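Structural overview for review
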Amino acid sequence: TNAVVGRVNPSSFDLIVPVGARSGLCLSVPVSAVRDSSCLVEYIRERYTLTVTCGHAQELARYKGAVAKWDIAPWGATAASCVVTRNFAQPVKHHASMNAIIVSDVTFNATVGAGPDRVQLTLRTGHRMYPEVFSAWPDLEKWHLVDRDITAYSHIWYDIRLCQTHSA
């Protein structure tokens, strides 16, 4: 689906997805879903813009160590493509509501390196926002936090070791 960026702030940005000819759906994407070990997100207060620098993406493999960079600017200045899905991990009466619709993937047009090369860069945001939707192992629902949260790390490895002890 084609979308444009609406409101941008340091913690999130909105994607406005057209629905029909005269209406749109506004979906919020937290910056934490974009930021990871290969993507750095910086908020530029003077321009109300998020500047994203990303490396090690699958789309960058042919550029040998190059880094992609793009801006997420507000109110239609940035176009994007996105995949909208329904969050079925919520209780039944909630997953039928509009609040259960999430952005699972968002694609931006990024500049690669210092040259004029442009690449379509897809970020998998849905599994970071709602990992339980995309996880085949519900007991590892906080696995995406292992490299960032020491409490999640210790709980997960405690549970794994407990299972190993009981199975032995």
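Residues numbered from 1 in each chain as written. Predicted model: local features only at pLDDT ≥ 70, side-chain atom pairs only at ≥ 80, totals over all residues. Heavy atoms only, no water.

Some remarks on a nonpolar patch on the surface
Taken together, the side chains of Trp143, Ile150, Tyr153 and Trp157 define a hydrophobic patch exposed on the protein surface, amounting to about 440 Å² of accessible area. Relative to the assigned elements, Ile150 resides in helix H4 (residues 150-167). Classification of Ile150 as exposed rests on a relative accessible area of 64%. (Patch = residues over 30% accessible without salt bridge, like charges linked within 9 Å, V, L, I, M, F, W, Y side chains within 5 Å. Areas by Shrake-Rupley, 256 points an atom, 1.4 Å probe, with all protein chains shown as cover. Salt bridge = Lys/Arg side-chain N within 4 Å of Asp/Glu carboxyl O. Helix = DSSP H or I, 4+ residues; strand = E, 2+ residues; numbered from the N terminus. Buried < 20%, exposed > 50% of the residue type's maximum accessible area, 1.4 Å probe, protein only.)

Some remarks on the nonpolar core
Residues Phe13, Leu15, Trp70, Ile72, Val106 and Phe108 are the most contacted members of the largest nonpolar core, which totals 34 residues. When residues of this core are assigned to their parent elements, the largest contribution, seven residues, is made by strand S8 (residues 101-112). In this structure, Phe13 is in contact with Val5, Arg7, Val8, Leu27, Ser28, Val29, Val34, Leu50, Ile72 and Phe108, ignoring residues within four places of it in sequence. (Core = buried A, V, L, I, M, F, W, Y, C linked by side-chain atoms within 4.5 Å. Contact = heavy atoms within 4.5 Å.)

Here we look at the confidence of the model for the chain
Per-residue confidence for the chain averages 79 on the pLDDT scale, and 77% of its residues sit at or above 70. Ranking the elements of the chain by mean pLDDT puts helix H1 (residues 92-95) last with 52 and strand S1 (residues 2-8) first with 92. (pLDDT = per-residue confidence, 0-100.)

Brief notes about the pattern of salt bridges
Summed over all chains, the structure comprises three salt bridges. As a salt-bridge pair, Asp71 and Arg47 come within 3.5 Å of each other at their nearest N and O atoms. On the criterion of sequence distance, the pair formed by Asp71 in strand S6 (residues 68-72) and Arg47 in the loop between strand S4 (39-44) and strand S5 (49-54) is long-range, its members being 24 residues apart. Judged by relative accessible area, which is 45%, Arg47 ranks as partly exposed. Asp105 is the salt-bridge partner of Arg124, the closest N and O atoms lying 3.4 Å from each other. Within this pair, whereas Arg124 is found in strand S9 (residues 118-124), its partner Asp105 is found in strand S8, the two being separated by 19 residues in sequence.

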